[in-house]
Amino acid sequence: MLIEAGAPEAALLGLLGLMVGSFLNVVIHRLPRMMELRWAAECADLQSTAENPAPVSTEPEPFNLMVPRSRCPHCGHQIRWFENIPVISYLVLRGKCSQCAAPISARYPAVELTTAVLFAWCGWHWGLGWEALAWCGFSAAVLALACIDWDTTLLPDDITLPLLWAGLCAAGLQLTDTALPDAFWGAVAGYLSLWLVYWAFKLVTGKEGMGYGDFKLFSAFGAWFGWQALIPVILMASVIGAVIGIAIKLKGNLREGGYVPFGPFLALAGLTSMVFGPSAILAAIGL
């Protein structure tokens, strides 16, 4: 640890969290679209032949996490720098576009504030050091995955796989309390456990109960927390998922197909494990 934990460190990392949260909003919005464009290009390449070449892309400009600049989805107004200050701009604009007065989703400041709180907690708990930065990165990745999965039912490999490897590296560098052998077997057990559940459910019902992204996210949690944490994490995710799923069903708000993505509940269990520890989850549910 470079600097002892305390309020100043929490405030500094909380400020960093606001800025990272603003970037996460871009990732949450654009990464699924980038994946769709990549899949479309790959499909076009596979279908193309010498006699039937692939169609020329109609995308007007490059689309990635950096370009084009953010715009209002309603009127196309380009967001200026002073309209993009985390949380403050949302409050000043009263949650509306400065040009067309269309409402701005409250999730933008919510993501920024949540990231700030998680980063501040890391600063309070670990101070300013590599441990805190490692867990800040964990928090940001898991929050982004939760939002993307809720919106699209996708858990992108672009985030889950780096998160998995980062957990193994953090264990190897002793940036977490997880020994490297426990992290390795946690990653193995996390993936295989949900993979087996997936195939058992599919063989019995003929349906897919979850996606491969859930396996990879659970594997990443095994790498960060060790194999011992897998049961508390999956129990918490399952209980929360069941409660929220039943509530959504009773309200008649289920999506087409009648499913609720599991990734956000896994993510919540993972963040809870970071803050309180896996053993606290078992105690909370009476085990």
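Scroll up a little and you will see the structure.
Described in the following lines is the structure provided in the data block. Predicted model, so just to flag it, every value in this text is computed and none were measured.

## Remarks on helix H6 (residues 180–205)
Residues that lie three or four places apart on an α-helix share one face, since the helix turns once every 3.6 residues. The terminal C-alpha atoms of H6 lie 38 Å apart, and with 26 residues this matches the ideal 38 Å at 1.5 Å per residue to within 8%. Here H6 has its buried residues at Ala 183, Gly 186, Ala 187, Gly 190, Leu 194 and Tyr 198. Two residues or fewer after H6 comes Gly 206, characterised by a positive phi angle close to 80°.

## What to know about a nonpolar patch on the surface
A cluster of nonpolar side chains, contributed by Leu 15, Leu 16, Met 19, Trp 130 and Leu 133, occupies part of the molecular surface with about 520 Å² of accessible area. Only helix H1 (7–47) and helix H4 (130–152) provide two or more residues apiece to the nonpolar patch. In terms of residue count, the dominant contributor to the nonpolar patch is H1 (three residues). Its place among the elements puts Met 19 in helix H1.

## Things to note about helix H9 (residues 263–276)
Here H9 is 14 residues long and its end C-alpha atoms lie 20 Å apart, about the 20 Å a rise of 1.5 Å per residue gives. With eleven of 14 residues buried, H9 is to be regarded as a mostly interior element. After H9 finishes, the residue Gly 277 shows a positive phi value of roughly 95°.

## Some thoughts on the packing of aromatic side chains
One pass over the structure, following the stated rule, counts 16 aromatic pairs. Ring centres of Tyr 198 and Phe 215 lie 5.5 Å apart, and the angle between their planes is 70°; on these two criteria the pair is classed as edge-to-face. With Tyr 198 in helix H6 and Phe 215 in helix H7 (residues 212–225), this pair connects stretches of sequence that are 17 residues apart. By the burial criterion, Tyr 198 is buried, and Phe 215 matches it. Positioned above the aromatic ring of Phe 63, the side-chain terminus of Arg 30 is 5.5 Å from the ring centre.

So, how was this worked out
Residues numbered from 1 in each chain as written. Predicted model: local features only at pLDDT ≥ 70, side-chain atom pairs only at ≥ 80, totals over all residues. Heavy atoms only, no water. Helix = DSSP H or I, 4+ residues; strand = E, 2+ residues; numbered from the N terminus. Expected span 1.5 Å × (residues − 1). Buried < 20%, exposed > 50% of the residue type's maximum accessible area, 1.4 Å probe, protein only. Patch = residues over 30% accessible without salt bridge, like charges linked within 9 Å, V, L, I, M, F, W, Y side chains within 5 Å. Areas by Shrake-Rupley, 256 points an atom, 1.4 Å probe, with all protein chains shown as cover. Salt bridge = Lys/Arg side-chain N within 4 Å of Asp/Glu carboxyl O. Phe/Tyr/Trp six-rings, centres within 6.5 Å; stacked < 30°, edge-to-face > 60°. Lys NZ or Arg CZ within 6 Å of the ring centre and 35° of its normal.

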